[in-house]
Amino acid sequence: MDHFLYRDGALYAEDVPISEIAAAVGTPFYVYSTATLLRHFKLFDDALDGTDHLVCYAMKAASNQAILKTLAQAGAGMDVVSGGEYLRAKAAGVPGDRIVFSGVGKTADEIRTALSGGIRQFNVESEPEMEVINAVALELGVVAPITVRVNPDVDAKTHAKIATGKSENKFGIPIARASEVYAHAASLPGLEVIGIDVHIGSQLTELEPFELAYTKVAELTEKLRAEGHNIRRLDLGGGLGIPYTRSNDAPPLPVEYGALIKKTLGHLDCEIEIEPGRLIAGNAGLMVSKVIYVKSGEGRDFLILDGAMNDLIRPAMYEAHHDIVAVQEPAPGVERQPYDIVGPVCETGDTFAKQRNMPPLKSGDLIAFRSAGAYGAVMASEYNTRPLIPEVLVNGDQFAVIRERPSFDEIINRDTIPSWL
Ligand SMILES: *Cc1c(COP(=O)(O)O)cnc(C)c1O
């Protein structure tokens, strides 16, 4: 459920008409709903009720500081995957002891940044990384809390580009080598081994892969404890999928996911961390765009938008489906017609949808891409010298621009010309 609903035929974000935001900030733009963000966070928090836990929002999904602050004030920690994300979380007021650092290629500089500013734990992905964290910790005179990310070799049954838990993926260490790697970690004086980490992929629509992975983590916990490690925290990653269409079977609910966690891991008396990103932000955001032209082709009509693949890359990159709706609903009984919905970028890949049934639309009409809150604005680029589009946060009847659209001057002046030209 989200808070983007129609009232008298007009699409609203909470209590604000989308058309009002469009008039104020211009199109295209992203708009997020505070109530939806908080609702999704609370679903996870409640699902783990009764267990010692922390929900660490995977901020790579949508990393605007206003979003981070909204969630942090509700009690969320953060999962970061770069030094930049770490600094952004700190800038949003998140204390270091609520920030978890994941990612397969942390540099010594990034590790130093996090160790100096305070960190809940590093989720370590390889032995060379372990050595570097150890060295930086010793240099700073601190001890770095770590988990090791294990790769449980399960099929997440999701898009190949976002599956991470098979042995052929670059993530984590093979679970079969865990004993050896944990013994290595325990021998390094700059590290304190506190737990186990696992993350098998994104947009999972079934619980079974989680169950397989978490069962292996439970077995590993007992094994490592028997080998003398004080395993007291289990970081279970993110990955629970969202419904991208209103018609399809819905993925499992956070409450079902929470019950599975309790069933597979509850007996171990560990602190549980989860790192949801997409499910918190995905359906809490829309991308709103305007029709520039309606172009009649051979046997098909194109809606050419002012939004493009550089603003929302998911359809081009993952063949992702987004429901696309007219901001002003047609009068009842008006027949829908199929359109190819495209952006103005010079690539055929700049196609959001083919033969999508929409109400009849004309130049100047607004449309909205649903489920665009996660992996939308954060993956945008300025390809074609198209400015990054603004982000807007709605809260009840208020809205605020939380990232301005840069001017062309700002973009162009970022280039510097060498002295020989
Ligand atoms: C991407 C990622 C997440 C978040 O995944 P979602 O599918 O957005 O929930 C969590 N943890 C790690 C380590 C990740 O790489």
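Right above here is the structure, for reference.
Summarised in this report is the structure supplied together with it. (Residues numbered from 1 in each chain as written. Predicted model: local features only at pLDDT ≥ 70, side-chain atom pairs only at ≥ 80, totals over all residues. Heavy atoms only, no water.)

Another point: the overall build of the protein chain. What the protein chain contains, in helices and strands, is 12 helices and 21 strands. Relative to the compact-globule value of 22 Å for 421 residues, the protein chain shows a C-alpha radius of gyration of 23 Å, a close match. For the protein chain, the spread of C-alpha atoms along the three principal axes comes to 70 × 60 × 40 Å. With 421 residues in all, the protein chain has 55% of them scored as buried. The long-range share in the protein chain, meaning contacts at least 24 apart out of those at least 6 apart in sequence, stands at 70%. As presented, the protein chain carries roughly 17900 Å² of accessible surface, and 52% of it is formed by carbon and sulfur atoms. When the 39 positive and 57 negative side-chain charges of the protein chain are each reduced to one mean point, those points stand 1 Å apart. (Helix = DSSP H or I, 4+ residues; strand = E, 2+ residues; numbered from the N terminus. Rg over C-alpha atoms; globule rule 2.2 N^0.38 Å. Buried < 20%, exposed > 50% of the residue type's maximum accessible area, 1.4 Å probe, protein only. Contact = heavy atoms within 4.5 Å. Areas by Shrake-Rupley, 256 points an atom, 1.4 Å probe, with all protein chains shown as cover. Lys, Arg positive; Asp, Glu negative; His and termini not counted. Charge placed at Lys NZ, Arg CZ, Asp CG, Glu CD.)

So, about the site of the ligand. Taken together, 15 residues surround the ligand, and among them K60, S202, E275, R278 and Y375 come closest. Taking D79, its side chain carries an N or O atom lying 3.4 Å from a nitrogen atom of the ligand. Within the side chain of Y375, an N or O atom sits 2.5 Å from an oxygen atom of the ligand. Surface burial for the ligand is 93%, taken as the share of its 390 Å² of free accessible area covered by protein chains. (Near = heavy atom within 4 Å. Polar contact = N/O pair within 3.5 Å; in protein donor to acceptor, adjacent residues only side chain to side chain.)

This part takes up the sheet that holds strand β2 (residues 10-13). Spatially, 3 strands are ordered β1-β2-β3 in an open sheet, and the strand pairing comes out antiparallel. In the strand order of this sheet, the two ends are held by β1 (4-7) and β3 (16-17), each with one partner. Strand direction decides the pairing type here: β1 and β2, joined by 4 bridges, are antiparallel. Counterpart to F4 in the pairing with β2 is A13. (Pairing = 2+ DSSP bridges.)

It is worth spelling out the pattern of salt bridges at this point. For the structure shown, the criterion picks out 23 salt bridges. Within this structure, R120, R233, E271 and E273 form a network of salt bridges that share partners. (Salt bridge = Lys/Arg side-chain N within 4 Å of Asp/Glu carboxyl O.)

With that out of the way, let us pick up a nonpolar patch on the surface. Taken together, I417, W420 and L421 make up a surface patch of nonpolar side chains, about 470 Å² in accessible area. By the secondary structure assignment, W420 is in the segment after α12 (408-412). (Patch = residues over 30% accessible without salt bridge, like charges linked within 9 Å, V, L, I, M, F, W, Y side chains within 5 Å.)

A few words on helix α4 (residues 83-91). Taken residue by residue, α4 has G83, E85, Y86 and A89 as its buried positions. End-on view of α4: buried residues confined to an arc of 160°, all on one side of the axis. As for α4, its buried residues are in contact with α3 (65-73), β6 (77-80), β7 (99-101) and α5 (108-117). Where α4 ends, the next residue or the one after it, G93, has phi of about 95°, a positive value. (Arc of directions from axis to C-beta.)

Geometric descriptors of this kind do not, in isolation, establish any biological role.
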